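Notes for the structure review
The primary structure of each chain is shown beneath.
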Amino acid sequence: MKNQGFEASYYANTANQNIRFPSLEGDQETDVCIIGGGYTGLSAALHLSEKGYRVTLLEAHRIGSGASGRNGGQLCQGHNMSHAALSQKVGKHHADLLWDMSVESVELVKHLIHQHQIDCDLKPGVLHVAAKASHVEDIQQAVDYKRNTLGYQKVHYLTKHDVSAALGTSHFHGGELYEDGAHIHPYNFSLGLAKAAQESGAQLFEMSEVIHYQGGNQPSIQTPRGTVKASYLLFACNGYLGKLHPQAAKKIMPINNFILATEPLPEAVYNRINPQDYAIADSKFVVNYFRLSADKRLLWGGGENYRSRFPKDIASFVKKHMLEVYPELTNTKIDFSWGGTLAITLNRMPYLAHQEKNVFIAQGYSGHGVALATLTGKLMAEAVSGTAERFDVFSSVPCANFPGGTLLRWPGQVAGMLYYSLRDRFF
């Protein structure tokens, strides 16, 4: 069994393309320089190229090898903050727009998949389930709110009996089914976006870490073996931002999340535990999320840590969460296990900022990155081309710095995370 980072993942080992991009060598001038080769950067590169801009994208490692190539692959409407809470923060009009854009984000991913013929195992249906009986009322109210207040009819409440029939377990207490939600092979989607962006005219560079940048009227970006001068600079680094942009780094905290992939399951097993082939996420603070791959493995995400290193045995770290729900899988072989880093914000909403007239930042998707990062790449392209209204709606959501900034954010956040993980277990 392979274990640890991107190369060890099921996704890397089932990539359907072997696309390589060169490292940046020498000096370039371009219209837009994008730092980061995940969904945000690739989507921005594609949409900007389609608008006729010269685009240079710089990725420190391999295109799509960060969170965009390692995640749970789920796309679902909505945000971590409810529409009602957002209405209090930014007003009902902006909250309505944020809801509408969350719906659009899922449809955008589907559209790009179909438009560019990206082979990434697109499947319908996302089911959020109540991990505790005390969570059922909140889920019922959320479904009613979306249907009756927002007019969104593609979400349905499922009883405990319904969920048991859908998942072959009595572990959960109810759920909300998003029939227009979806799930994908996330790395193959990244590769498809990269190919589409390149074919549209964008220049993509791998193994080209940005070590310094300078803002101003014509930003200058430096890598170990080259430089780029641009009219616009887009930061699309998310959990891999590091110390490159200290102000943006104060808005996010990188955390590690982990996934395993079982061996392919027998037909009798997968038809019992997920006959509708949904993607599932539970209601715990430290979320369990799982689904079947195209070749009928169970992909299970569970557990986090807040250190710089991954657990030595990721499979065991994650498997215990899987066995709480499906103890009958005790003897099922684990073929792959891996970890990755995502970025969370204090309010769990994406952080978008227009720092200077020609510098834009998008990060902190807090677990909703497949759809929202793809959308924010498009919003960045709109903003560069002079239509920043939708980008500005996201940037209007207040996003506080982590207390203590990058130096002291870890102790306080870890204490909070541990508190909520204990609540998941005992309350």
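Check the entry above for the structure.
Structural notes on the nonpolar core
Residues Ile34, Leu48, Phe189, Leu204 and Leu234 are the most contacted members of the largest nonpolar core, which totals 70 residues. Those residues in contact with Leu234 that lie beyond four places of it in its chain are Val32, Cys33, Ile34, Ile35, Ala44, Leu48, Phe360, Met380 and Val384. With 28 residues, the next largest nonpolar core counts Leu127, Val129, Leu265 and Met322 among its residues.

Regarding the packing of helix α2 (residues 39–50) against helix α7 (residues 186–199)
Packed helices, taken two at a time, are described by the angle between their axes plus the distance between the axes. One can describe the packing of α2 onto α7 by two numbers: an axis separation of 9 Å at closest approach and a directional angle of 30 degrees. Here α7 runs roughly parallel to α2, going by the angle between their axes. The two elements α2 and α7 cross, and the hand of that crossing is left-handed. For the pair formed by α2 and α7, the contact residues are Tyr39, Leu42, Ala45, Leu46 and Ser49 on the first element and Pro186, Phe189, Ser190, Leu193, Ala194, Ala196 and Ala197 on the second.

What to know about α7
A rise of 1.5 Å per residue sets the reference length of α7, with its 14 residues, at 20 Å; its end C-alpha atoms lie 20 Å apart and thus fit the reference within 8%. Of all the positions in α7, only Pro186, Tyr187, Asn188, Phe189, Ser190, Leu191, Gly192, Leu193, Ala194, Ala196 and Ala197 are classed as buried. On its buried side, α7 packs onto α1 (10–13), α2, α4 (92–115), β8 (203–205), β14 (289–292) and α11 (369–384). Backbone geometry just downstream of α7 places Gly201 in the positive-phi region, at approximately 120 degrees.

Comments concerning unusual backbone geometry
Positive phi, close to 50 degrees, is recorded for Met207, a residue that is not glycine. Along the chain, Met207 turns up in the loop between β8 and β9 (212–214). Within the chain, Ser366 stands out as a residue other than glycine whose phi angle is a positive 55 degrees. Relative to the helices and strands, Ser366 resides in the loop between β18 (359–363) and α11.

Cut-offs used in this document
Residues numbered from 1 in each chain as written. Predicted model: local features only at pLDDT ≥ 70, side-chain atom pairs only at ≥ 80, totals over all residues. Heavy atoms only, no water. Core = buried A, V, L, I, M, F, W, Y, C linked by side-chain atoms within 4.5 Å. Buried < 20%, exposed > 50% of the residue type's maximum accessible area, 1.4 Å probe, protein only. Contact = heavy atoms within 4.5 Å. Axes fitted to C-alpha atoms, helices over the stretch in contact; angles between N-to-C directions. Helix = DSSP H or I, 4+ residues; strand = E, 2+ residues; numbered from the N terminus. Parallel < 35°, antiparallel > 145°, perpendicular 65-115°, else oblique. Left-handed = near helix turned anticlockwise from the far one by under 90°. Expected span 1.5 Å × (residues − 1).

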